[in-house]
Amino acid sequence: MSMEKETPSQSSEQKISKQRTLGIIGGMSWESTESYYRLINEGIKGKLGELHSADLLIHSVEFGLINELQEKGDWEALGVLMANSAKRLQAADAQGLMIASNTMHKLFDAVKEVTDLPLIHIADATIDAIKKQNISKIALLGTQFTMTQDFYKQRLMDAGLQVVIPEEEARTEVHRIIKKELCVGQFKDSSRHYYSQVIKDLADKGAEGVILGCTEIGLLISQADSPIPVFDTTAIHAAAAVDFLLDNA
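Described in the following lines is the structure provided in the data block.

What counts, and where the lines are drawn
- Residues numbered from 1 in each chain as written.
- Predicted model: local features only at pLDDT ≥ 70, side-chain atom pairs only at ≥ 80, totals over all residues.
- Heavy atoms only, no water.
- Phe/Tyr/Trp six-rings, centres within 6.5 Å; stacked < 30°, edge-to-face > 60°.
- Helix = DSSP H or I, 4+ residues; strand = E, 2+ residues; numbered from the N terminus.
- Buried < 20%, exposed > 50% of the residue type's maximum accessible area, 1.4 Å probe, protein only.
- Lys NZ or Arg CZ within 6 Å of the ring centre and 35° of its normal.

## So, the packing of aromatic side chains
Scanning the model with the defined rule gives 2 aromatic pairs in all. Ring centres 5.3 Å apart and planes at 80 degrees place the aromatic pair Trp-75 and Phe-145 in the edge-to-face group. Placement of Trp-75 in helix H3 (residues 75-91) and of Phe-145 in helix H6 (residues 144-148) is noted, with a sequence separation of 70 residues between them. When the ring of Phe-151 is compared with that of Tyr-152, the centres are 6.2 Å apart and the planes differ by 80 degrees; the resulting orientation is edge-to-face. Side by side, Phe-151 and Tyr-152 carry an identical accessibility label, which is buried. Of note, Arg-20 hangs over the ring of Phe-244, and the distance from its end group to the ring centre comes to 3.8 Å. Note that Lys-106 overlies the ring of Trp-75, its terminal NZ or CZ placed 5.2 Å from the centroid.

Right, dumping it as C-alpha cells:
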C-alpha cells in the first residue's frame, strides 16, 4: 500500500512574510534599546498582524566603556568599537543597520565606511517627521554632544530647520539627568518637571516643536509634558526600522 505525501489545502495556506534582516547596534543604554525592540515588534505586528515579529539582530555594547570614552572625548576609539559592531552584524547576515542612540550618530561615517549595508540615520527619519508637520523652528534636547556639536545640529540645519537649544546651565542639567538618572533606569517626577520647564522656555523663544534627541528622554517625557509637538526619536527611528524590514515584503 503506497502512501502519498499530504499537501496543505488551499484554505490552510498562509502568506509568508518576507522581511529583511535588520542589525541594531544597541545597549546605549539597554533601557532605550529595550524600547526599540518593543516598538519595532509592535510595528511589525501592526502591519502583519497575529504572531508576526521583527527579524532583528542586536549587538548590545558595553555602555560603561562607551560612556567612559565619551567623557574622555576619545571618539577615535569609539569609532573603532562602533565599526567592529557593524562588521559583526554584517557577518551575521544583517541586510541593513541602525545605531540605537542619537549621540553615537557622531560615528555614523565610521560605521558607514566599513560596511556596504544601508544605515538608517535617526536624524533623517526625524527630519521627515518634522517636515510632515510643516515646522521650521525646532528645539533640540539631548546630551551635551548632541545639543552642541555639528554632527547632529548641522544635519537638521542642512535640511532647512532652525534649531534652538537650552542655555548652558540648562544644557548641563539636561545632560546630567540623562547620564545619571535615565541611563540607569531612574525616572523622577522632579526631572520630568524640569524638562517640561526647559521645553516651555524654548517654546517661548519660538520653537514650534521639540526633538527628544536622546533615546532615553522618551522614557521620561511624553506629549502630555510639552506645550509644543514632541518628536520622540526612539519611536521615529523604530518606525523607520519597520519600513526597512517590510520594504520588500
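So much for the structure itself; the text now carries on.
## Description of unusual backbone geometry
Residues Met-28 and Ser-29 are joined by a peptide bond in cis, for which omega reads 5 degrees. One can find Ser-29 in the loop between strand S1 (22-26) and helix H1 (30-48). Even without being glycine, Asp-93 reaches a positive phi, approximately 80 degrees. For Asp-93, the position within the fold is in the loop between H3 and strand S3 (96-99). Accessibility expressed as a relative area gives 58% for Asp-93, which makes it exposed. A positive phi angle, close to 55 degrees, is found at Asn-134, a residue other than glycine. You can see Asn-134 is positioned in the loop between helix H5 (122-132) and strand S5 (137-141).

What is shown is where atoms sit, not what they do.
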